[in-house]
Amino acid sequence: MAGVESLVGNFAGSLPLRVRLSAETSLRAWLQGLQAQNVEMRELEYLTGGQVQELSEVAGSLPLFDSLVVFENYPPAEAAASAAGLSVEPSLFGVSGARTQYGMVLLAMGEGELRCSVICTHERVAEGAARRVMSHLLGILRGIAAKETALLESLLSCVPDEE
């Protein structure tokens, strides 16, 4: 690409990842499969969004995805070294000035503890729905951290009841 050395910015590509859940699958096996699927998918990172759309099973008139999960996994060395356990600090709309073209973005950052923020397009996702997503995610993460869950089905008990 001519002139690429003079461009400034974050150039992150996004690839759609379809996730299948089976209640009888163990959490460990599901996470291992998800990681393997993600590694395999990375072989396509060089493709444009249009090329990915052509290879997908999604009709060209539909978006490949309308939500995004972002993992920022570059914590400072001292924070990574001091991480003894998992704590979760949820926040809604917690990234000052953040904007997105997607309906919802889950931003997960590791800095000695896992910090999760939900960034929404208010026209597409109501604040109450975003709060429920964060509440459910927090319950599931706590269930995983407590190592009380062997099967994916058992994570459902970690999701708070709807009010």
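Whatever comes next refers back to the structure up there.
Residues numbered from 1 in each chain as written. Predicted model: local features only at pLDDT ≥ 70, side-chain atom pairs only at ≥ 80, totals over all residues. Heavy atoms only, no water.

Regarding the overall build of the protein
On a plain count of helices and strands, the protein comes out with four helices and four strands. Partitioning the contacts of the protein with sequence separation of at least 6, the portion at a separation of at least 24 is 59%. Within the structure as shown, the protein displays about 11800 Å² of accessible surface, and the carbon and sulfur contribution to it stands at 54%. (Helix = DSSP H or I, 4+ residues; strand = E, 2+ residues; numbered from the N terminus. Contact = heavy atoms within 4.5 Å. Areas by Shrake-Rupley, 256 points an atom, 1.4 Å probe, with all protein chains shown as cover.)

Overview of the side chain of Q53
With respect to the helices and strands, the residue Q53 is situated in helix 2 (residues 49–55). Relative accessible area serves as the criterion here: at 16%, Q53 is assigned to the buried category. At 3.4 Å, the side chain of Q53 forms a polar contact with the backbone oxygen of V58. Apart from the residues within four sequence positions on either side, Q53 is in contact with V58, A59, G60, L62 and L64. (Buried < 20%, exposed > 50% of the residue type's maximum accessible area, 1.4 Å probe, protein only. Polar contact = N/O pair within 3.5 Å; in protein donor to acceptor, adjacent residues only side chain to side chain.)

Topic: the nonpolar core
Ranked by size, the top nonpolar core spans 10 residues in total: M104, L106, A108, C116, V118, C120, V125, A130, M134 and L141. For this core, the secondary structure elements donating two or more residues are strand 3 (104–110), strand 4 (114–120) and helix 4 (127–145). Counting six residues, the second largest nonpolar core, distinct from the first, contains L68, Y102, M109 and I119. (Core = buried A, V, L, I, M, F, W, Y, C linked by side-chain atoms within 4.5 Å.)

What about a nonpolar patch on the surface?
Together, L17, V19 and L21 give the surface a local cluster of nonpolar side chains, amounting to about 270 Å² of exposed area. Along the chain, V19 turns up in the segment before helix 1 (27–41). (Patch = residues over 30% accessible without salt bridge, like charges linked within 9 Å, V, L, I, M, F, W, Y side chains within 5 Å. Salt bridge = Lys/Arg side-chain N within 4 Å of Asp/Glu carboxyl O.)

A short note on the pattern of salt bridges
Under the criterion given, the structure shown has four salt bridges. The partner of R18 in a salt bridge is E57, and the shortest N-O contact between them spans 3.4 Å. On the criterion of sequence distance, the pair formed by R18 in the segment before helix 1 and E57 in the loop between helix 2 and strand 1 (67–72) is long-range, its members being 39 residues apart. With a relative accessible area of 46%, R18 lands in the partly exposed category.

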